[in-house]
Each structure stands twice: as structure tokens, then as C-alpha cells.
Amino acid sequence: IERCMRVSREYVHHVWKSLEETYEGTLVKRAKLYILKENYFKFTMMEGESVAKMFHRINMIVNGLKYLGYKVDDEDFSHKFLRSLPPPRFSTIVTIIVKGGLDKMAPTQVLGEVVTHETFNLEVSEPQVMEDGKKKKSITFRATSSKAKK
């Protein structure tokens, strides 16, 4: 009986190791890593997607890559995030790169800069609407010198 139990324990251990290798082994990890790397390299912003949702999607991919042992630097992450923004946001990208330098910024700081820049640009570009629904009109004044008339 003792010999039978020893063989049985060894068999159960072998089966356990086989299952462990099958479901969390190197082949599965390599397949997951391959899929995540492809998703990372082909990543783009989807039409109608907010910047925050896009950042969340790429952040999930990067976290998955890091969990599987693939190294993604913050600077590379930030570059990928900015390059994934559609062309109309190019001025945002240039402003952020010139302002702070991506090598000194965490990806969440880059997200904050993009959101701040877009909020400012949205406020400036949208016409002001009064309570009665009419648009405010802008008035510009031309400066003249009182000395020029004399």
C-alpha cells in the first residue's frame, strides 16, 4: 500500500506539473507576449475615442507586457501614446515635447498635459454662448496714437 501511495503521489505531482506548464507555461506566456506586442506596435486611437480611454487601453497593454517580463520604458510608452494621437493633435505633441521633455515625465503626466492642452484649446476654439442661446460677438479695437493726429 505504501508503494502504491508513493507512486500515486508521484503521478499526481507529474499531472499537476503538466497542467501548470500547459496553462501557465512558457508556450502560453510566449503566445500572450506575442499578441500583446503586436497590439502595442499596431496601437492607434479609435475613431470617437477620448484621450483618457485611449490611454487606458494602451496602459493595459503595457501592464500586460511588463507582467510577462517585456521591458517598456516610460519614455517609450509616452512616445507611443503621443504618436497614437490623430494628426490634428500634432501641436499638442510638439508643445509637450518642447515643454518638458519626455525623458523626465511619467506617462500619466503626459496624459495630464494632453488633456490640459486639449481642454484649453477646446475652450478657446468654441464660441461663447449666452443664456438666450445667442453667440457672443468679439469686438476688437484698433489702437491709435493721440500724437499721430496732431
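Everything quoted here is computed from the prediction, not taken from an experiment.

Quick notes on the overall build of the chain
Right, so step 1: Each helix and strand counted, the chain has 7 helices and 0 strands in total.
Right, so step 2: The linear arrangement of helices and strands in the chain, starting from the amino end, is α-α-α-α-α-α-α.
Right, so step 3: Per-residue burial over the chain gives 23% buried out of 150 residues.
Right, so step 4: The long-range share in the chain, meaning contacts at least 24 apart out of those at least 6 apart in sequence, stands at 55%.
Right, so step 5: Summed over all atoms, the accessible surface of the chain reaches about 12,300 Å², with 59% contributed by carbon and sulfur.

What about the environment of Arg57?
Right, so step 1: By secondary structure assignment, the location of Arg57 is in helix α3 (residues 51–67).
Right, so step 2: For Arg57, a relative accessible area of 26% corresponds to the partly exposed category.
Right, so step 3: Excluding its chain neighbours within four sequence positions, the residues that come into contact with Arg57 are Phe43, Thr44, Met45, Met46 and Glu49.

A look at the confidence of the model for the chain
Right, so step 1: When pLDDT is averaged across the chain, the result is 77; 69% of the residues are at 70 or more.
Right, so step 2: By mean pLDDT, the top-scoring element of the chain is α3 (94), and the lowest-scoring one is helix α7 (residues 146–149) (52).
Right, so step 3: Here residues 138–145 is modelled with pLDDT under 50, and outside its nearest four sequence neighbours on either side it reaches 0 contacts, counting other chains as well.

Considering the packing of aromatic side chains
Right, so step 1: Scanning all chains against the criterion turns up 3 aromatic pairs.
Right, so step 2: Ring geometry for Tyr40 and Phe41: centres 5.4 Å apart, planes at 70°, overall edge-to-face.
Right, so step 3: Taking the relative accessible area as the measure of exposure, Tyr40 reaches 7% and is therefore buried.
Right, so step 4: Centre to centre, the rings of Phe55 and Phe81 are 5.2 Å apart; their planes meet at 85°, and the pair counts as edge-to-face. Placement of Phe55 in helix α3 and of Phe81 in helix α4 (residues 74–83) is noted, with a sequence separation of 26 residues between them.
Right, so step 5: For Phe81, a relative accessible area of 0% puts it in the buried group.

Focus on the pattern of salt bridges
Right, so step 1: In total, this model carries 4 salt bridges according to the counting rule given.
Right, so step 2: A salt bridge links Glu38 to Lys42, with the shortest nitrogen-to-oxygen separation between them at 3.2 Å.

The rules behind these values
- The numbering scheme is per chain: residues are counted from 1 as the chain's sequence reads.
- Where local features are concerned, this predicted model is filtered to residues with pLDDT of at least 70; where side-chain atom pairs are given and counted, the filter is 80 or more; whole-chain, interface and lining totals use all residues.
- Calculated side-chain values reflect all of the structure's heavy atoms, with hydrogen atoms and water omitted.
- Strands here are runs of E lasting at least two residues and helices are runs of H or I lasting at least four, both read from the DSSP assignment and numbered beginning at the N terminus.
- Each residue gets one of three labels from its accessible area relative to the maximum for its type: buried under 20%, exposed over 50%, partly exposed in between, using a 1.4 Å probe on protein chains only.
- By the convention used here, residues are in contact when the closest approach between their heavy atoms is within 4.5 Å.
- Surface accessibility follows the Shrake-Rupley procedure with a 1.4 Å probe radius. Residue values consider only the protein chains on display as shielding.
- On a scale of 0 to 100, pLDDT captures the predictor's confidence in every residue.
- Only centres within 6.5 Å qualify two rings of Phe, Tyr or Trp (six-membered ring in Trp) as a pair; their planes then separate them into stacked at under 30 degrees, edge-to-face at over 60, and tilted for everything else.
- Whenever Lys or Arg places a side-chain nitrogen within 4 Å of a carboxyl oxygen from Asp or Glu, that contact is recorded as a salt bridge.

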